[in-house]
Amino acid sequence: MQSGRQMSTADTARTGMSLNICHLYPDILNLYGDNGNIICMKQRLQWRGIDCSVSGLSVGDRLNAADYDIFFIGGGQDFEQDVLLDDAEKNKKADILSAIDDEKVFLAICGGYQILGNYYRTWDGQQMDFMGCIDISTEGVKERMIGNYMFTCDDLGGETIVGFENHSGKTYLGSGVKPIGRVLAGYGNNGEDGTEGAHYKNVYASYSHGSMLPKNPKFCDLLLSRALEKKYGRVVLEELDDVFENNAHDYMQKRLSSR
Amino acid sequence: MKLKVMMAVCVCKMTRTLIRLLGRGATNMPGRAAQKICPDLLKYLAADVTTIIVTGTNGKTTTSRMLEQTLKDSGVDFFCNKSGANLLNGVTTEFAVNASLTGKPKHPYALIESDEAAFKLIGKYTDPKCVLVTNVFRDQLDRYGEITHTLNNIKIGLENSPHAAVCLNADCSLTASLKESIPNEIIFYGVNGPIYKERVREASDAPYCIHCKHEYTYEYITFGHLGKYHCDNCGYSRPEPDIAVSRTIVSDATHSEIEIDVRGTKYQATIDLPGGYNIYNGVAAVTVADTLGLSVDTAIGALRTFECGFGRMEKFMLGDTQTRMILIKNPAGCNQVLNFLGNISEDSLFVVCLNDNYADGTDISWIWDVDFEVLSKVGDRLTGILVSGIRADDMAMRFKYAGIPAEKIKVIKDYEKLIDEFTSQEAPVYIMPTYTAMMDLRAIVSKKYGYKNFWE
């Protein structure tokens, strides 16, 4: 087995580049291992000698979007969602909108995905208005869509992404929003139109837990490349030895393909 | 009705004997078969039995084993559901096996470990005399959906147990809130101060007040979201426990020494397992014993001598290799295991087996909420990590991202080869399997080394 490169602390700044990640609501939207996406991004940057800082911003904190290159919002439970919706509207929304428009990179998972959209309508007709930062909306249904699933990633020439979904909301994409790709196994956005996730400018949103990024290293590198390109102009990311990641990815791809 | 009960009991006993003859466990299927004949069989079998129920996310099995020792030492005539058969089928099987062919109980008392969701019906059918709720943590969210659903399931079970004295963990803001939903007699227990000098980084499963959703402030945290919480907005706060750990004297890699205050009287206790979570299990067991009117001295003695349930830190020799098996299920439990593994003093080998069957939880995302990064600080004392189970590849990848050097991580999916590998080296071995991986490993180890089968 080949060994991954071990970076010394002297190496971490050898490229002179750095990315700042803003983790929104890390203490509330942290239910399904989505923190793994932060770990993945940070490691894959540091292994390449690119510095990485992660700042957690929660209820009551003002957001200055210009300070950050990548924004991450994870999933949580309904119980705590309204704690943050009020704060999101007052303290975060304006900066999030300008960051999206400025083509900063966003990764939003599950609950984070939903609240970036227009609204969530429950199965008995109650509507919760969300941030309206991307043109998607969600209808709640009684049956949960749960399980390992797999979908294509159009930006990666159809490479597959494998993950785990667990949601009772059916999300529908508005006209200006593309999906990340098409569902190959499982439900995806709504179990109806075969789409999964949302892609708008440099915002990527998905229902995928897993966590999403670790066993989809090419997708992680896509996000990192976009963020670096925005900050430094075109950057070619050094290739990493992804034996572990590819084994994990390929095992699930095989398992989901044989159904 | 009587005839139906008799037939169901008969089917249950026959099925169980048959399956055991074939060398399998037979904890759930007999109950399932019996319920086809008599769906609420448990209600009939439990009618003349005084039942004690232990439920909650973490600590059910260990606390049950502590209570089992206490009941034995107190001379109580009882039976219990071993080997973690804590769903309705398993509990029904246990009651049927401990009844005559006509359904009369052979023992007047039952100590039953109950899954949180299954507690709704198990409580209803057994009408327990005492219920213990250990804690509520995130666990198997693919089954439960959300933590508040777990809490709600327990609440319904308690509503179905109108005659029970209910022992609640005061330090768990979720568990303690159950008091408000039920008219039962409540006995609180807890720990009156921090346990660890340094703790792993971990997320709280309940940072916001269950009543008004403001953020809790804590005077101290023992681990996870457990501790002395207070909501500055609505005033909801940790209730004063009736029975509490007043001092943690020692808490190391093999055991804990604590002082327990039982309504003003102080007792010294030794708990034969490491970790803060076992301190909670210990004081929970003492609380139940006291509630049942048993001798506190006997309960405290049991903490030192009880046999921990299989996979709960049990120690055994495989050839010349010293092995400990510790079940992992969810971030909170796994983080507590790491709290003490991160402090081991001798060179050790770790083995982690990750399955994603239904009983393990099908969503393995939880491994990213566990602070495995502490293992990279163990440095050279960690001789290596062997990774196995259905989702070994994901687990190996997790360790890589946790900062473990790639050459220390080895994936061995075949259990025979895995056992050969770790028994062919000299360092003590810590095996951390998820539930079904533990069952599989246990079966192979039993066959290879002649250990008693898990259902004995």
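Being a predicted model, the structure only gives us computed values, none of them experimental. (Residues numbered from 1 in each chain as written. Chains lettered and ligands numbered in written order. Predicted model: local features only at pLDDT ≥ 70, side-chain atom pairs only at ≥ 80, totals over all residues.)

Secondary structure summary: chain A contains 5 helices and 12 strands in total. Taken along its principal axes, the extent of the C-alpha atoms in chain A is 55 × 50 × 30 Å. The proportion of buried residues among the 259 residues of chain A is 48%. For chain A, restricting intrachain contacts to residue pairs at least 6 apart in sequence, the fraction spanning at least 24 positions comes to 71%. (Helix = DSSP H or I, 4+ residues; strand = E, 2+ residues; numbered from the N terminus. Buried ≥ 20, exposed ≤ 12 C-beta atoms within 10 Å, placed from the backbone. Contact = placed C-beta atoms within 7 Å.)

Turning to the overall build of chain B, a few remarks are in order. Summing up its helical and strand segments, chain B has 16 helices and 17 strands in all. Compactness check: chain B gives a C-alpha radius of gyration of 22 Å against a globular reference of 23 Å for 456 residues, within 12% of the reference. Expressed as lengths along the three principal axes of its C-alpha atoms, the size of chain B is roughly 65 × 60 × 40 Å. A burial count over chain B gives 54% of its 456 residues as buried. Nonlocal contacts in chain B, meaning residues at least 24 apart in sequence, comprise 71% of its contacts between residues at least 6 apart. (Rg over C-alpha atoms; globule rule 2.2 N^0.38 Å.)

Bringing helix 15 (residues 415–423) of chain B into the picture now. Residue pairs three or four apart in sequence face the same way in an α-helix, which turns once every 3.6 residues. All names here are of chain B. Turning to helix 15, its buried residues are Leu418, Ile419 and Phe422. Buried residues of helix 15, viewed axially, fall in a sector of 95°; they line one side. Across helix 15 from its buried face, at more than 90 degrees, point the exposed residues Glu416, Lys417 and Asp420. (Arc of directions from axis to C-beta.)

Tallying the contact residues gives 26 residues for chain B and 33 residues for chain A. Looking at the side of chain B that touches chain A, the elements with two or more residues in it are helix 7 (141–144), helix 8 (147–159) and helix 14 (392–401) of chain B. Among the elements that make up the side of chain B that touches chain A, the one with the highest residue count is helix 14 of chain B (6 residues). Taken together, the residues that form the side of chain B that touches chain A break down as 13 nonpolar, 3 polar and 10 charged. (Nonpolar A, V, L, I, M, F, W, Y, C, P; charged D, E, K, R; others polar.)

Residue and element names in this part refer to chain B. Strand order in the open sheet formed by 9 strands is 2-3-1-4-5-6-9-10-11, with mixed pairing between adjacent strands. The two strands at the open ends of the sheet, each matched to only one other strand, are strand 2 (78–80) and strand 11 (265–271). Recorded for the sheet is a direction-independent mean angle of 20° between the axes of neighbouring strands. Pairing of strand 5 (residues 165–169) with strand 6 (residues 186–191) involves 4 bridges; the strand directions are parallel. What sits directly across from Val166, in strand 6, is Ile186. Packing of helix 10 (residues 276–291) onto the sheet brings it into contact with strand 1 (50–55), strand 4 (130–133), strand 5, strand 6, strand 9 (243–251), strand 10 (256–262) and strand 11, and relative to strand 9 it is tilted by some 145°. Its contacts with the sheet place helix 11 (residues 296–305) against strand 10 and strand 11, and it is angled at close to 20° to strand 11. (Pairing = 2+ DSSP bridges. Axes fitted to C-alpha atoms, helices over the stretch in contact; angles between N-to-C directions.)

Another point: the nonpolar core. Soluble globular proteins tend to bury their nonpolar side chains together. Membership of the largest hydrophobic core comes to 209 residues, with the highest contact counts inside it found for Ile70(A), Val283(B), Val288(B) and Val351(B). The leading source of residues in this core is helix 10 of chain B, at 9 residues. In this structure, this core is formed jointly by two domains, domain 1 (45–91 + 105–305) and domain 2 (312–449) of chain B, each of which donates at least three residues. With residues near it in sequence (within four places) discarded, Ile70(A) still touches Leu19(A), Ile21(A), Met41(A), Val105(A), Leu223(A) and Ala227(A). (Core = buried A, V, L, I, M, F, W, Y, C linked by C-beta atoms within 7 Å. Domains from an automatic or database assignment.)

Sheet faces and side chains relate simply in a regular strand, where the side chains alternate between the two faces. All names here are of chain B. Within strand 14 (residues 348–353), 5 of the 6 residues are buried, which leaves it mostly tucked inside the rest of the structure. Of the strand pairs in this sheet, strand 14 and strand 15 (residues 382–388) are connected by 6 bridges, and their pairing is parallel. In the strand pairing of strand 15, Val351 is matched with Leu386. With 5 bridges connecting them, strand 14 and strand 17 (residues 429–433) associate as parallel partners. Paired with Val351 across the two strands is Ile431, which belongs to strand 17.

The subject of this paragraph is the sheet that holds strand 11 (residues 198–200) of chain A. Residue and element names in this part refer to chain A. One open sheet accounts for 6 strands, arranged 2-1-3-4-12-11; its pairing is mixed. A strand with exactly one partner marks an edge of an open sheet, and here the two such strands are strand 2 (51–57) and strand 11. Shown here is a sheet whose adjacent strand axes are inclined to one another by a mean of 15°, direction ignored. On top of the sheet, helix 1 (residues 35–46) reaches strand 1 (18–24), strand 2, strand 3 (70–73) and strand 4 (105–109); it is set at about 160° to strand 2, its chief contact.

Quick look at the domain arrangement of chain B now. Residues and elements named next belong to chain B. The domains assigned to chain B are domain 1 (45–91 + 105–305) and domain 2 (312–449). The straight-line distance from the C-alpha centre of domain 1 to that of domain 2 is 27 Å. With 23 residues of domain 1 in contact, the opposing surface of domain 2 contributes 20 residues. Elements with a minimum of two residues in the side of domain 1 that touches domain 2: helix 4 (60–73), helix 7 and helix 10. Tallied by class, the residues present in the side of domain 1 that touches domain 2 amount to 10 nonpolar, 7 polar and 6 charged.

Residues and elements named next belong to chain B. Helix 8 packs onto helix 6 (residues 119–126) with a crossing angle of 10° between their chain directions and a minimal axis gap of 7 Å. Looking at the two axes, helix 6 sits roughly parallel to helix 8. Each of Phe119, Lys120 and Gly123 in helix 6 lies in contact with helix 8, whose residues at this interface are Asn153, Ile154, Ile156, Gly157 and Leu158. Here the contact of helix 6 with helix 8 is built from residues that sort into 4 nonpolar, 3 polar and 1 charged. (Parallel < 35°, antiparallel > 145°, perpendicular 65-115°, else oblique.)

Next up on the list: the confidence of the model for chain B. Mean pLDDT over chain B works out to 90, with 95% of the residues at or above the 70 mark. Scored as a whole, the predicted complex attains pTM 0.79, and scored at its interfaces, ipTM 0.93. (pLDDT = per-residue confidence, 0-100.)

Predicted coordinates in areas of low pLDDT are best not read in detail. A residue-level look at chain A finds 93% of positions with pLDDT of 70 or above and a mean pLDDT of 91. Contacts of residues 1–12 of chain A to residues separated by more than four positions or lying in other chains number 20 contacts, the stretch itself having pLDDT below 50.

This part is about the environment of Val296(B). Residue and element names in this part refer to chain B. Along the chain, the position of Val296 falls in helix 11. Looking at Val296, the number of C-beta atoms within 10 Å reads 19, which means it is partly exposed. Between the C-alpha atom of Val296 and that of Ala443, which follows or precedes it by 147 residues, the distance is 37 Å. Those residues in contact with Val296, other than ones at most four positions away along the chain, are Val262, Tyr267, Val286, Ala289 and Asp290.

Look at the link from Gly210(A) to Ser211(A): it is a cis peptide, with omega at 0°. Residue placement: Ser211(A) occurs in the loop between strand 12 (203–206) and helix 4 (217–232). Of note in the backbone geometry, Lys201(A) takes a positive phi value of approximately 55° without being a glycine. For Lys201(A), the location among the structural elements is in the loop between strand 11 and strand 12. The class of Lys201(A) is partly exposed, set by 17 C-beta atoms lying within 10 Å. With a phi angle near 45°, Asp127(B) is a residue other than glycine that sits in the positive phi range.

All names here are of chain A. The end-to-end C-alpha distance of helix 4 is 22 Å, a good match for the 22 Å that 16 residues give at a rise of 1.5 Å each. Residues Phe219, Cys220, Asp221, Leu223, Leu224, Arg226, Ala227 and Leu228 constitute the buried set of helix 4. After helix 4 finishes, the residue Gly233 shows a positive phi value of roughly 85°. (Expected span 1.5 Å × (residues − 1).)

Another point: the environment of Val105(A). Residues and elements named next belong to chain A. For Val105, the location among the structural elements is in strand 4. Considered as a pair, Val105 and Arg226 are 121 residues apart in the sequence and their alpha carbons are 7.0 Å apart. Residues in contact with Val105, not counting those within four places in the same chain, are Asp69, Ile70, Asn202, Leu223, Arg226 and Ala227.

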